[in-house]
Amino acid sequence: MVKKSAVTPMMKELWAHLFKKPATSKYPLVKAEVPDGFRGRQVYDINLCISCGLCARDCPAKAIEMVEVDGKRRPLFHLDLCIFCYQCADSCPRNAIKSSTFFELATTNKSDLVVKPEATSQKSEGEKP
């Protein structure tokens with residue numbers, strides 16, 4: 001009768017991987033680094049916008065809606081519809097829409113995925129709120 005080895009293949013595999021570096025990262029504790037050219041959440045600068053509407057017209061996903069803010073039509077971004085192609089940024093003649101590296105968009109509330117244009121403040125610098 002042949003004597004079986006006391007070390008099973010599973011134990012060999014366990015021993016081989018016990019001291020190896022983990023294959024996964026500790027994401028919530030250590031922020032992930034995004035590569036160059038990453039397309040994250042849009043950054044919109046209302047002061048550069050000229051209300052032309054080219055961003056909404058050229059959006060293939062129809063994720064941009066023009067809304068009235070301070071008497072001008074401004075883009076409202078629906079990130080739940082957005083495919084992050086950045087055609088809106090390419091179409092903008094004044095570079096009012098830029099990319100960012102922010103990618104943590106998970107939410108249970110769909111209204112959190114709407115980027116609303118904020119009204120510009122009409123206060124002078126010497127005025128207090």
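Note: the structure precedes this text.
Residues numbered from 1 in each chain as written. Predicted model: local features only at pLDDT ≥ 70, side-chain atom pairs only at ≥ 80, totals over all residues. Heavy atoms only, no water.

Draft legend 1. Molecular detail of the overall build of the protein chain. A count of helical and extended segments in the protein chain gives 3 helices and 5 strands. Mapped from its N terminus to its C terminus, the protein chain presents α and β elements in the order α-β-α-β-β-α-β-β. In the protein chain, buried positions account for 26% of the 129 residues. Of the contacts formed within the protein chain by residues at least 6 apart in sequence, a portion of 69% connects residues at least 24 apart. As displayed, the protein chain offers around 10400 Å² of accessible surface, 56% of which is attributable to carbon and sulfur atoms. (Helix = DSSP H or I, 4+ residues; strand = E, 2+ residues; numbered from the N terminus. Buried < 20%, exposed > 50% of the residue type's maximum accessible area, 1.4 Å probe, protein only. Contact = heavy atoms within 4.5 Å. Areas by Shrake-Rupley, 256 points an atom, 1.4 Å probe, with all protein chains shown as cover.)

Draft legend 2. Quick look at the pairing of strand β3 (residues 72-78). Most of β3 sits inside the fold, with 5 of its 7 residues counted as buried. Relative to β3, strand β2 (residues 64-69) runs antiparallel, the two sharing 6 bridges. Residue pairing across strands places E65 opposite L76, the latter belonging to β3. Between the end of β2 and the start of β3, which pair antiparallel, lie 2 residues, with D70 showing a positive phi angle near 55°. (Pairing = 2+ DSSP bridges.)

Draft legend 3. Broad picture of the sheet that holds strand β5 (residues 114-115). In spatial order, the strands read β2-β3-β5; together these 3 strands make up an open sheet with antiparallel pairing. Bordering the open sheet on either side are β2 and β5, each of which pairs with just one other strand.

Draft legend 4. Spatial organisation of the pattern of salt bridges. Taken as a whole, this structure holds 3 salt bridges when the rule is applied. For D58, the salt bridge goes to R57, with nearest N and O atoms at 2.9 Å. According to the relative accessible area criterion, R57 is exposed, its value standing at 55%. (Salt bridge = Lys/Arg side-chain N within 4 Å of Asp/Glu carboxyl O.)

Draft legend 5. Here's a closer look at the state of the cysteines. Applying the stated criterion across every chain yields a total of 0 disulfides. Counting only cysteine sulfurs, C85 is the nearest neighbor of C59, a cysteine outside any disulfide, at a range of 6.0 Å. The class of C59 is buried, set by a relative accessible area of 10%. (Disulfide = S-S within 2.5 Å.)

Draft legend 6. Structural view of the nonpolar core. Judged by nonpolar contacts, the single largest core of 24 residues is most densely connected at Y44, C55, I64, F77, L79, C88 and I97. Listed by contribution, the elements that provide at least two residues to this core are α2 (54-58), β2, β3 and α3 (87-91). The greatest single-element share of this core, amounting to 4 residues, is contributed by β2. Excluding residues that lie within four positions of it along the chain, I64 makes contacts with C55, A56, C59, P75, L76, F77 and C88. (Core = buried A, V, L, I, M, F, W, Y, C linked by side-chain atoms within 4.5 Å.)

Draft legend 7. Representation of the side chain of S100. Its location among the elements puts S100 in the loop between β4 (97-98) and β5. For S100, a relative accessible area of 17% translates into the label buried. Of the polar contacts made by the side chain of S100, one reaches the backbone oxygen of R41; its length is 2.5 Å. Residues contacting S100, with those up to four places away along its chain left out, are F38, R39, G40, R41, V43 and Y86. (Polar contact = N/O pair within 3.5 Å; in protein donor to acceptor, adjacent residues only side chain to side chain.)

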